[in-house]
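Spelled out from the first residue to the last, the chains are:
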Protein chains: 2
Amino acid sequence: MADLGRPLDKPIVERLTLIGLGLIGSSVARAARRMNAASKIIAADADPNVLRRVGELKIADEIAPSLAASVRDSDLVILCAPVGANAAIAGEIAAHLKESAIVTDVGSVKSAVIAALQPRLPAHVRLVPAHPVAGTEYSGPDSGFATLFRRRWCILTPPEDTDADAIACVKALWESFGSQVEVMSAQHHDLVLAMTSHVPHLIAYNIVGTAADLEEVTSAEVIKFSAGGFRDFTRIAASDPTMWRDVFLNNKDAVLEVLGRFTEDLAALQRMIRWGEGDKLFELFTRTRAIRRGIIEQGQETAAPDFGRQATENGGG
Amino acid sequence: MADLGRPLDKPIVERLTLIGLGLIGSSVARAARRMNAASKIIAADADPNVLRRVGELKIADEIAPSLAASVRDSDLVILCAPVGANAAIAGEIAAHLKESAIVTDVGSVKSAVIAALQPRLPAHVRLVPAHPVAGTEYSGPDSGFATLFRRRWCILTPPEDTDADAIACVKALWESFGSQVEVMSAQHHDLVLAMTSHVPHLIAYNIVGTAADLEEVTSAEVIKFSAGGFRDFTRIAASDPTMWRDVFLNNKDAVLEVLGRFTEDLAALQRMIRWGEGDKLFELFTRTRAIRRGIIEQGQETAAPDFGRQATENGGG
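All values reported here derive from a predicted model rather than from experimental measurement.

Conventions and cut-offs
Every chain begins its residue count from 1, and numbering advances along the sequence as written. Here the convention is simple: chains get letters from A, ligands get numbers from 1, in the order in which they are written. Predicted model: local features are reported for residues with pLDDT of at least 70 only, side-chain atom pairs are reported and counted for 80 or more only, and whole-chain, interface and lining totals are derived from all residues. Note: side-chain values were computed over all heavy atoms of the structure, leaving out hydrogens and water. We count a stretch as a helix when DSSP gives it H or I for four or more residues in a row; a strand needs E for two or more, and each element gets its number in order from the N terminus. We take the radius of gyration over the C-alpha atoms and set the globule estimate at 2.2 Å times the residue count to the 0.38 power. Note on classification: 1.4 Å probe, protein chains only; a residue is buried when its accessible area is under 20% of the maximum for its type, exposed when over 50%, partly exposed between these limits. Residues count as neighbours in contact if any of their non-hydrogen atoms are within 4.5 Å of one another. The Shrake-Rupley method, run with a 1.4 Å probe, gives the accessible areas here. Residue values count only the displayed protein chains as cover. Asp and Glu count as negative and Lys and Arg as positive, but His and the ends of the chain are not part of the count. Lysine's charge is taken at NZ, arginine's at CZ, aspartate's at CG and glutamate's at CD. Throughout, an axis means a line fitted to C-alpha atoms (over the contacting stretch in the case of helices), and angles, computed between N-to-C directions, take values from 0 to 180 degrees. By definition in this entry, angles of less than 35 degrees are roughly parallel, angles greater than 145 are roughly antiparallel, angles of 65 to 115 are roughly perpendicular, and the rest are oblique. Helix crossings get a hand from a simple test, with the near helix turned counterclockwise from the far one by less than a right angle marking a left-handed crossing and a clockwise turn marking a right-handed one. For this scheme, ten residues count as nonpolar: Ala, Val, Leu, Ile, Met, Phe, Trp, Tyr, Cys and Pro. Four count as charged, namely Asp, Glu, Lys and Arg, and the remainder, Gly too, count as polar. By definition, two strands form a pair when at least two bridges between them are found by DSSP. Whenever a carboxyl oxygen of Asp or Glu lies within 4 Å of a side-chain nitrogen of Lys or Arg, that contact is scored as a salt bridge. When two rings of Phe, Tyr or Trp (its six-membered ring) have centres within 6.5 Å they constitute a pair, described as stacked for plane angles under 30 degrees, edge-to-face for angles over 60, and tilted for the intermediate range. Whether a charge lies above a ring is judged from NZ of Lys or CZ of Arg, which has to be within 6 Å of the ring centre and within 35 degrees of the ring normal. Superposing copies: least-squares fit, C-alpha atoms only, residues required to have pLDDT of at least 70 in both. Two parts placed together each lose some accessible area; with a 1.4 Å probe, that loss summed over both constitutes the buried area. Pairing of N or O atoms within 3.5 Å defines a polar contact, subject to two protein rules: one partner must be a possible hydrogen donor and the other a possible acceptor, and residues neighboring in sequence count only if both atoms are side-chain atoms. Where a domain begins and ends is set by an automatic assignment or by a domain database. Helix span, as expected, comes to 1.5 Å for every residue beyond the first.

Draft legend 1. Structural detail: the overall build of chain A. Along the backbone of chain A there are 13 helices and nine strands. Radius of gyration (C-alpha) of chain A: 21 Å, near the 20 Å computed for a compact globule of 317 residues. Reported as C-alpha extents along the three principal axes, the dimensions of chain A are approximately 65 × 45 × 40 Å. With 317 residues in all, chain A has 60% of them scored as buried. Of all intrachain contacts in chain A linking residues separated by at least 6 positions in sequence, the fraction that spans at least 24 positions is 77%. For chain A, the exposed area adds up to about 11500 Å²; of that, 52% sits on carbon and sulfur atoms. Computing the positive centroid from 33 side-chain charges and the negative centroid from 40, chain A places the two 4 Å apart.

Right under this line is the structure:
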């Protein structure tokens, strides 16, 4: 498959440990193997069923008997569990990390992850927090795929004094998966992602909840007539509940700030409707088209109508 | 193309007039021709550029010189303009409709449409309001396609005393396009659609507006990192501004009611985050998955991850 380009001539690291083999972790395993990013991929997961499945899928070279064992002699350790689990994981692996090992993660929040990891890891370890902005609504090791990160951004939020070689190593890894890498502060990351990911998920979960609870409209009606727009929200509202609970608990300040803006803007919109201010509605509805154009132009979205669903579902037009 | 089944042996009507040849009207024209639903399709539109394009696309048999001329001798007239234009259109065509002509529409609101049309149409005309729950984010005669309505629902909201033959005629038309037809009251329709379509659009427009206005996060950042969830909202926020302005102005009560529920639920969710109530968040995030499963099972949505976008954009996994 040529879709990720030619594999690397020389692996970036010898031993790569993945802790947590869900959608993201298992996609990293697949991408790393396809791109020859590591000589050996070691998998660890708190859930024995996940590990069994990873063995069946043959997406790792070694299944570690414990978290502690998984990091021994490892050059690069990637934490891919829900962010709420990071503190406990750091506690379990800290004493077993080799000198100068690089520890990174894939969490959707960064300030809280740094706060959880930094005090628990030994001083010799090099921490490079990372967040690949990619995913689907599916969870678990079966749902991953090697091209998940292709043409997506990966954000690194290294603390001020982070070793440059460690940053370069993590950057090279994500670039080998087809991602573009951007570096910013953890605090800025958390605000940007609150806007582009966390609050959108919150709103999607919320509107699906509202629809489920409405007495006058049955669930059967919501489902039948969902093609009017509602179904678009149900995709991200089907995302992994544990992951998202942890995101909201760990990025509280930025989420509440962006949510405050959203609510304020919504109140203004509600008022426009109540007072029949058609011109103002029209102005907003026109302005919002430009952002989608930008997203399509930057390759972050398909230009196909209806996300291209018509083509597959309806046999084209 | 077998995707719509075999064309009808005998047309449902002789002369079919379409007023407004945007996404929906031009899709009706294409579907009606492909399915042999009418012997002759007559197109009318207030915009001469649209009519010229309809001529170039050859999707109608006749281009009418005026609205009045378009309905002469017509058996079935479908109003496909934004709903705010219906009153004026009814005024222009009323005197020219033939005895017992059927007038229907495709508007996303129904009570207001009935209120606009009923007093303006002559008593001999049979009004059967309809709403095909289908669409894409694109507008105009080039964006339509014959299979748009396939496997989608079309809701009819005939007033109490509507002639049964007229209802059967409109039902047969939509069924020939591959739609399933449901009949309900205009009032109930407006509440159901406020939930499944209007408020979702409002929220999508609103969050895209919030993102555009946030000072601390640049538009470039919003665009880059939109794959975290935000981009899903931009699709419906790119829908036709005139159509949607009219929807909100004409379904004010139901939209404000559903929006009130949404806002109330969102306030509760905000409070859960502020107080760190992880269990309640988890409970909601789990519950919302069931609705998407239902939508997929009922054939209203694709089960492909990420709406199937990955397959086309990224070459599969």
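Draft legend 2. Up close: the packing of helix 7 (residues 186-213) of chain A against helix 11 (residues 252-274) of chain A. Residue and element names in this part refer to chain A. Taken N-terminus to C-terminus, the directions of helix 7 and helix 11 make an angle of 65°; their axes are 9 Å apart at the nearest point. Considering the angle they form, helix 7 stands roughly perpendicular to helix 11. Helix-helix and strand crossings are classified by hand; for helix 7 and helix 11 the assignment is right-handed. Contact residues: helix 7 offers Asp-190, Leu-191, Ala-194, Met-195, His-198, Val-199, Leu-202 and Ile-203, while helix 11 offers Ala-254, Val-255, Glu-257, Val-258, Leu-259 and Phe-262. Grouping the amino acids of the contact of helix 7 with helix 11 by side-chain chemistry returns 11 nonpolar, one polar and two charged.

Draft legend 3. Geometry of the sheet that holds strand 7 (residues 130-132) of chain A. Residue and element names in this part refer to chain A. On the basis of which strands lie adjacent, the open sheet formed by three strands has the order 7-8-9 and mixed pairing. Of all strands in the sheet, those with a lone pairing partner are strand 7 and strand 9 (180-183), marking the two edges. Between one strand axis and the next, the sheet turns through 20° on average, direction left out of account. When strand 8 (residues 153-156) meets strand 9, the two strands line up parallel, connected through four bridges.

Draft legend 4. Spotlight on the pattern of salt bridges. Residues and elements named next belong to chain A. Applying the stated criterion across every chain yields a total of 54 salt bridges over all chains. Its salt-bridge partner being Arg-231, residue Asp-306 comes within 3.1 Å of it at the nearest N-O pair. In this pair, Asp-306 is assigned in the loop between helix 12 (278-297) and helix 13 (309-313) and Arg-231 in helix 9 (residues 230-236), connecting sequence segments 75 residues apart.

Draft legend 5. A look at the packing of aromatic side chains. The final tally for this structure, using the stated rule, is 16 aromatic pairs over all chains. Summarising the aromatic geometry, the rings of Trp244(A) and Phe248(A) are spaced 5.8 Å apart at their centres and angled 40° between planes, so their arrangement reads as tilted. Of this pair, Trp244(A) and Phe248(A) both sit in helix 10 (residues 241-250), four residues apart, roughly one helical turn. Considered together, Trp244(A) and Phe248(A) belong to a single accessibility category, that of buried residues. Following the ring pairs from residue to residue traces out a cluster consisting of Tyr205(A), Trp244(A), Phe248(A) and Phe285(B). Over the aromatic face of Phe307(A) sits the side chain of Arg309(B), whose NZ or CZ is 4.6 Å from the ring centroid.

Draft legend 6. Structural context of the relation of the copies chain A and chain B. Superposing chain A onto chain B requires a rotation of 180° together with a translation of 0.0 Å along the rotation axis, leaving an RMSD of 0.0 Å. Look at the turn and shift together and you get a two-fold axis relating the two. Comparing contact sets, 100% of the residues at the interface of chain A also lie at the interface in chain B, consistent with an isologous, same-surface contact.

Draft legend 7. Structural view of the interface of chain A and chain B. Taken residue by residue, the interface counts 118 residues in chain A and 118 residues in chain B. Among the residues chain A hides against chain B, the three largest losses belong to Phe225(A), Ile273(A) and Phe285(A). Together they make up 7% of the total. Linking chain A with chain B are 18 salt bridges, by the criterion used here. If you look at where chain A meets chain B, you find 42 residue pairs in polar contact (both at pLDDT 80 or more).

Draft legend 8. A look at the domain arrangement of chain A. All names here are of chain A. Domain boundaries in chain A define domain 1 (13-184) and domain 2 (188-304). Once you take the C-alpha centre of each, domain 1 and domain 2 turn out to be 30 Å apart. The interface of domain 1 with domain 2 comprises 20 residues on the first partner and 17 residues on the second. Between domain 1 and domain 2, a total of about 1500 Å² is buried, with carbon and sulfur atoms accounting for 58% of that surface. For the interface between domain 1 and domain 2, the tally reads one salt bridge. In this structure, the salt-bridge partner of Arg-235 is Glu-137, at a minimum N-O distance of 2.9 Å. Scanning the region where domain 1 abuts domain 2 turns up eight residue pairs in polar contact (both at pLDDT 80 or more). Going through the elements one at a time, helix 5 (111-117) and strand 8 are the ones with two or more residues in the side of domain 1 that touches domain 2. Looking at side-chain class alone, the side of domain 1 that touches domain 2 contains nine nonpolar, seven polar and four charged residues.

Draft legend 9. Broad picture of helix 11 (residues 252-274) of chain B. When the terminal C-alpha atoms of helix 11 of chain B are compared, their 32 Å separation across 23 residues agrees well with the 33 Å that a helix rising 1.5 Å per residue should span. Among all positions of helix 11 of chain B, only Ala254(B), Val255(B), Leu256(B), Val258(B), Leu259(B), Phe262(B), Leu266(B), Leu269(B), Gln270(B), Met272(B) and Ile273(B) are buried. Check the buried side of helix 11 of chain B and you find it contacts helix 7, helix 10 and helix 11 of chain A together with helix 7 (186-213), helix 10 (241-250) and helix 12 (278-297) of chain B. Just downstream of helix 11 of chain B, Gly276(B) is the residue with a positive phi angle, here 65°.

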